[in-house]
Amino acid sequence: MTAPQHRAIVRTGTRVRVEPRPTPRPAAGEVLLAPQTAGLCGTDLQMLRGLRGDPAPVIGHEGTALVVAAGPGVDPALAPGTRVVVNPTHPDDPSFLLGHHLDGLLQERTLIPASAVRAGLVMPLPEPLAPDGLAALLEPLATVRYAFSVLERAGVRTLLVFGDGTVGHLAVRAAGRMLGPGVRTVHVHHTDAGRAWSEGRAHRADVLLSPADGPDALPSVVGDDPVGVVLATPRDATLRCLETALRAVPGELTVDLLGGLPSDARSPLLPGVELAAVRAANCGGRPSPARVDHAVTDAGARVRLFGHRGVADHHLRDAAAELAAAPERYRDLVTHVADLDEAARIMHHLALHRDRTWQGHRLIKLAVHITPPAPTPTPT
């Protein structure tokens, strides 16, 4: 009998293509999933471009799936046919980082190990999300919900968002609903092309900025109210954007180092602060409430700093409820929808080129619809 196989998007260096992979059988405590919709995120792009050393050949940590098989001892709530979302970051087991340390969701079958199942990281979803790719926004919106759970405690009245990828746009869209309608939003784009895309959106920020506005634009639009900053940036841009915010904001400032940092990242504007350690202090939703560090800039200003790797399960549930309640607010962020084969072509292009354009359109979020393979015939 031929061993069962499934199709997967496999990366080897900068080459990306669909290849067959052996389909595992779940052992005790494990579940085998059939991913339905998976998203491509900024850290995935960094892996495709060789900017990160994560070993998984099959990436993808955003999306939803169906349970197709469960090993002995798995909770009956995860019976075959259950629609689930996987929390990709384990708060206690650093070896579990879905789509980074072990194979992710961009394939027709994904095995989730027992340590993640026991920790509750495979969560049933009570309602399906719309079939137009919104499931690809679930995990990134959960990271925004996490950020806002801290910023709302700081009473921010202006939200300053750096980064024009998926998370940056989600933060702008969700601010009015999660931080309150009186919060003013300022969106700092990485490129002028990114700003041009935002200008055509119904749910854009109150103020849009880009490099064309020059270095003095940001200080002129930031008021005296408490300011919250979300650094939804690639890891090689986070430090620069942090320093831009520190120079531009004269008053009370709370900063989320969401975008990641090199392990040795430091800034002369924050003497003695190990920024990577600040970000690593919160993992998988722990501790709760999140740890926030207090620092003093070289100019004597007080700043609150926090970061986070991963989210808690309740952030994912909140994000699912938000997408179900206001899908029209987020739907246009899913700019590209593809099957496995087209997604592999898009990913190969993105691995080789720095631009975010595919077939003439700016790519914000790629949602990959994954068709499960036919059941393996039972031998007679």
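Residues numbered from 1 in each chain as written. Predicted model: local features only at pLDDT ≥ 70, side-chain atom pairs only at ≥ 80, totals over all residues. Heavy atoms only, no water.

Now for the packing of helix α3 (residues 138–151) against helix α9 (residues 313–325). In the contact formed by α3 and α9, the axes pass within 8 Å of each other and the chain directions differ by 110°. Comparing the axis directions of α3 and α9 gives the class roughly perpendicular. Of the two elements, α3 crosses α9, and the hand of that crossing is right-handed. Between α3 and α9, the contacting residues are Leu138, Glu139, Leu141, Ala142, Arg145, Tyr146 and Ser149 on the first element and His315, Leu316, Asp318, Ala319, Ala320, Glu322 and Leu323 on the second. Taken together, the residues of the contact of α3 with α9 sort by class into eight nonpolar, two polar and four charged. (Axes fitted to C-alpha atoms, helices over the stretch in contact; angles between N-to-C directions. Helix = DSSP H or I, 4+ residues; strand = E, 2+ residues; numbered from the N terminus. Parallel < 35°, antiparallel > 145°, perpendicular 65-115°, else oblique. Left-handed = near helix turned anticlockwise from the far one by under 90°. Contact = heavy atoms within 4.5 Å. Nonpolar A, V, L, I, M, F, W, Y, C, P; charged D, E, K, R; others polar.)

Right, let's talk about the packing of aromatic side chains for a bit. Under the defined criterion, the tally for this structure stands at zero aromatic pairs. We note Arg201 situated over the ring of Trp197; from NZ or CZ to the ring centre the distance is 4.1 Å. (Phe/Tyr/Trp six-rings, centres within 6.5 Å; stacked < 30°, edge-to-face > 60°. Lys NZ or Arg CZ within 6 Å of the ring centre and 35° of its normal.)

With that out of the way, let us pick up the pattern of salt bridges. Evaluated as defined, the whole model comprises 17 salt bridges. With a closest N to O distance of 2.6 Å, Asp103 and Arg21 form a salt bridge. Of this pair, Asp103 sits in the loop between β5 (83–86) and β6 (110–112) while Arg21 sits in strand β2 (residues 15–22), placing them 82 residues apart in sequence. A salt bridge links Glu152 to Arg145; the shortest N-O distance between them is 3.6 Å. (Salt bridge = Lys/Arg side-chain N within 4 Å of Asp/Glu carboxyl O.)

Further remarks concern the confidence of the model for the chain. Confidence along the chain averages 93 in pLDDT terms, with 97% of residues attaining 70 or more. Highest mean pLDDT in the chain belongs to β6 (98); lowest belongs to helix α6 (residues 217–221) (90). Note that pLDDT drops below 50 for residues 376–380; the model gives that stretch two contacts with residues more than four away or on any other chain. (pLDDT = per-residue confidence, 0-100.)

Here the focus is helix α10 (residues 340–352). Its 13 residues give α10 an end-to-end C-alpha distance of 19 Å, which sits within 8% of 18 Å, the value for a rise of 1.5 Å per residue. Of the residues making up α10, those classed as buried are Leu340, Ala343, Ala344, Ile346, Met347, His349, Leu350 and Ala351. You can read the cap of α10 off the contacts: a side-chain oxygen lies 3.3 Å from the backbone nitrogen of Asp341, and it is on Asp339. (Expected span 1.5 Å × (residues − 1). Buried < 20%, exposed > 50% of the residue type's maximum accessible area, 1.4 Å probe, protein only. Polar contact = N/O pair within 3.5 Å; in protein donor to acceptor, adjacent residues only side chain to side chain.)

Now for the sheet that holds strand β11 (residues 227–231). Strand order across the open sheet formed by seven strands is β10-β9-β8-β11-β12-β14-β13, with mixed pairing between neighbours. This sheet does not close on itself; its edge strands, each paired only once, are β10 (207–209) and β13 (293–296). In this sheet, adjacent strand axes meet at a mean angle of 20° when their direction is disregarded. Looking at chain direction, strand β8 (residues 158–162) and strand β9 (residues 184–188) are connected through five bridges and run parallel. Along β9, the bridge assignment pairs Phe162 with Val188. (Pairing = 2+ DSSP bridges.)

A few words now on the pairing of strand β18 (residues 365–369). Here β18 lies mainly inside the structure; four of its five residues are buried. With four bridges connecting them, strand β3 (residues 31–40) and β18 associate as antiparallel partners. Counterpart to Thr37 in the pairing with β18 is His369.

On the secondary structure map, Glu322 appears in helix α9. In terms of polar contacts, Glu322 uses its side chain to reach the side chain of Arg177, at 2.5 Å. Discounting residues that sit within four places of it in the chain, Glu322 has contacts with Leu141, Arg177, Met178 and Tyr330.

This next bit is on the state of the cysteines. One pass over the full model with this rule turns up zero disulfides. Here Cys41 stays unpaired: no disulfide links it, and the sulfur of Cys283, its closest cysteine neighbor, is 16 Å away. Accessibility expressed as a relative area gives 12% for Cys283, which makes it buried. (Disulfide = S-S within 2.5 Å.)

Attention shifts here to unusual backbone geometry. That bond from Arg286 to Pro287 is cis: its omega, -5°, falls within 30 degrees of zero. Along the chain, Pro287 falls in the loop between α8 (275–280) and β13. Omega for the bond connecting Ser288 with Pro289 falls within 30 degrees of zero, at 0°, which places this linkage in the cis form. Examined against the element boundaries, Pro289 turns out to sit in the loop between α8 and β13. Of note in this structure, Gln359 is not a glycine but carries a positive phi near 55°. Within the element layout of this structure, Gln359 appears in the loop between β16 (357–358) and β17 (361–362). Relative accessible area serves as the criterion here: at 62%, Gln359 is assigned to the exposed category.

So, on to the nonpolar core. Among the nonpolar cores identified, the biggest contains 49 residues, and Leu138, Leu141, Phe148, Leu159 and Tyr330 are the most heavily contacted of them. Where this core is concerned, the elements lending two or more residues are α3, β8, α4 (166–178) and α9. The leading source of residues in this core is α3, at nine residues. Once you skip the residues sitting within four places of it in the chain, Leu138 turns out to touch Thr64, Val85, Leu125, Leu129, Leu316, Ala319, Ala320 and Leu323. One finds Leu40, Val117, Leu366 and Val368 within the second-largest nonpolar core, a separate group that totals 42 residues. (Core = buried A, V, L, I, M, F, W, Y, C linked by side-chain atoms within 4.5 Å.)

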